[in-house]
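# Breakdown of the fold
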Amino acid sequence: MTFLLNLFSIIAISAGVVFFFAGTVGLLRFPDQLTRLHALTKVDNLGLGLVVLGLLPISGTLLGALKLVGVWLFVQLAGATATQLVAKAIRKQDQTRGQQ
Amino acid sequence: MIIAPFVDIGLALLVIGVAVWTSFTREAFSAVIGYVAYGLLLTLVWVRLYAVDAALTEAAVGSGMTGVLLIGAVIRLRPTQSLILREPLGLAAKLLAGLLSGAVTIAIAAVVLNLPAPPPTLAPEAAASLHTTGLGNAVTGVLLAYRAWDTFLESFVLLLALIGVWSLAQDRYWGGAPRLAGPSVASGPLTFLAQVLPPFGIVVALHILWVGADAPGGKFQAGAILAAMWIIVMTARLAAPPSINQIWLRLALIVGPAAFLLIGIAGVGLADGFLAYPEGKAKPLIIVIECFMMLSVAATLGMIVAGPPRVEALK
């Protein structure tokens, strides 16, 4: 059972790392600001989610596991808000440029 | 663990890399973002050094609060940015700055390299008599029992910083309210965040305050989290910053240092002297100080970020 749980942790965390890697590549390679933001939010969402999922079996206590899920939810909330605000700023900038 | 040294070396390289990048960036806003990232990496370094109390403070105050203050400063200085870039520093000034920074670096390196190995430590003695305070977290023990005098003075430093900020107010605004930078109308996502997050933030802050007696945490980290919640609510325009002549605000600012002072003076009569706690009463008294200090830290940090008053006082 422990072996299976460890295997699950390794697979989930590795998958999360792949998402972080892909997100970083996207951040560096994508052509414009909005698609780069998109890459970033994917990482926050799926990468961190998979890492947290992988850490759940080895977190020890139920409270520890709940805290991990809480961290993921707060990062989601903060990330989504920040991305919306940045996207709005980009759009405003584009509009003022368009008028000039 | 075979991977741990590689993680540590990678972390150290990242910290140095971000520090160098931050120093060489010409654009002020980018430099501030670099500084915030640097602070978050330092937080990880503190965790790897098993100094979780320091890590929490670095994340909340060193990186978070200072980052917000610096972003505010950059926004206010933006009109002068192009002027600074157009007039580069003269060679003499560059040399002087380089020499001074080099001297500081060499002095710090000399001190660190000349430390006796192993360095002298009071940690075993501090841990051995921790039970007399009733606390489980040695850091809180050092801050509020062994070295209470230092912490007591520190509790006034924030207040001095706020007085410094307020003294920048123009005369006609004295007694008025600060005004935060940014759009003056509420925007969807930020309003949502400011409505959803504070209840959780308050619970987390109280939790960090409460566990501070026995685990990493305490008044400063908790106060910084409370202040962050207040700042989000103010930035989202859900609540205006208070006028600086409000009695409740003034009380909130001084209640922590005042409680510390009163309990300290009571120690003269009831215990061995100023800031000494009576036998067996140390833990409850420390918790009382921490609760009031959390309120004061939150109020002071929030008002420092809000800046000097820029709205005329209501007559």
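The rules behind these values
Residues numbered from 1 in each chain as written. Chains lettered and ligands numbered in written order. Predicted model: local features only at pLDDT ≥ 70, side-chain atom pairs only at ≥ 80, totals over all residues. Domains from an automatic or database assignment. Contact = placed C-beta atoms within 7 Å. Nonpolar A, V, L, I, M, F, W, Y, C, P; charged D, E, K, R; others polar. pLDDT = per-residue confidence, 0-100. Core = buried A, V, L, I, M, F, W, Y, C linked by C-beta atoms within 7 Å. Buried ≥ 20, exposed ≤ 12 C-beta atoms within 10 Å, placed from the backbone. Helix = DSSP H or I, 4+ residues; strand = E, 2+ residues; numbered from the N terminus. Axes fitted to C-alpha atoms, helices over the stretch in contact; angles between N-to-C directions. Parallel < 35°, antiparallel > 145°, perpendicular 65-115°, else oblique. Left-handed = near helix turned anticlockwise from the far one by under 90°. Expected span 1.5 Å × (residues − 1).

## Regarding the domain arrangement of chain B
Residues and elements named next belong to chain B. We note that the domain assignment places domain 1 (1-88) and domain 2 (122-315) within chain B. Measuring from the centre of the C-alpha atoms in domain 1 to the corresponding centre in domain 2 gives 24 Å. In this complex, domain 1 contributes 12 residues to the contact, which on the side of domain 2 involves 15 residues. Counted by class, the side of domain 1 that touches domain 2 contains eight nonpolar, three polar and one charged residues.

## Things to note about the confidence of the model for chain B
Where the model shows low pLDDT, its predicted coordinates should not be examined in detail. Averaged over every residue, the pLDDT of chain B is 85; residues scoring 70 or more account for 97%. Here the prediction assigns the complex a pTM of 0.85, and the interface score ipTM is 0.83.

## Considerations on the nonpolar core
All names here are of chain B. Of all hydrophobic cores here, the largest spans 55 residues; its most connected members are Ala-224, Ile-225, Leu-226, Ala-227 and Ile-289. Where this core is concerned, the elements lending two or more residues are helix H3 (52-86), helix H6 (138-146), helix H7 (148-166), helix H8 (188-211), helix H9 (219-235), helix H10 (247-270) and helix H11 (282-306). When we break this core down by domain, the ones giving at least three residues each are domain 1 (1-88) and domain 2 (122-315).

## Some remarks on H6 of chain B
All of the buried residues in H6 of chain B are Thr-140, Gly-141, Val-142, Leu-143, Leu-144 and Ala-145 of chain B. Against the buried residues of H6 of chain B lie helix H5 (123-128), H7 and H11 of chain B.

## A look at the packing of H10 of chain B against H11 of chain B
Residue and element names in this part refer to chain B. Contact geometry for H10 and H11: axes closest at 8 Å, N-to-C directions at 150°. On the basis of the axis angle, H10 is roughly antiparallel to H11. Between H10 and H11 the crossing geometry is left-handed. Where H10 abuts H11, its residues Leu-249, Ala-252, Leu-253, Ile-254, Val-255, Gly-256, Pro-257, Ala-259, Phe-260 and Ile-263 lie against Leu-285, Val-288, Ile-289, Phe-292, Met-293, Leu-295, Ser-296, Val-297, Ala-299 and Thr-300.

## Quick notes on the packing of H9 of chain B against H11 of chain B
Residues and elements named next belong to chain B. Their axes nearest at 7 Å, the elements H9 and H11 cross at an angle of 40°. Comparing their axes, H11 and H9 come out oblique. When you trace H9 past H11, the crossing you get is right-handed. Residues Lys-219, Phe-220, Ala-222, Gly-223, Ala-224, Leu-226, Ala-227, Trp-230, Ile-231 and Met-234 of H9 lie in contact with H11, whose contacting residues are Glu-290, Met-293, Met-294, Val-297, Ala-298, Leu-301, Gly-302, Val-305 and Ala-306. Its residues assigned to classes, the contact of H9 with H11 comprises 15 nonpolar, two polar and two charged.

## Some details on the environment of Glu-58 of chain B
Residues and elements named next belong to chain B. Residue position: Glu-58 is located in helix H3. Judged by the 23 C-beta atoms lying within 10 Å of it, Glu-58 falls in the buried class. In this view, Glu-58 contacts Gly-39, Leu-42, Thr-43, Trp-46 and Ser-63; residues no more than four positions away in its chain are not counted.

## Here we look at helix H2 (residues 33-55) of chain A
Since there are 3.6 residues in each turn of an α-helix, residues three or four apart along the chain are aligned in direction. Here H2 of chain A is 23 residues long and its end C-alpha atoms lie 32 Å apart, about the 33 Å a rise of 1.5 Å per residue gives. Along H2 of chain A, the residues classified as buried are Leu-37, Val-43, Asp-44, Gly-47, Gly-49, Leu-50, Val-51, Val-52 and Gly-54 of chain A.

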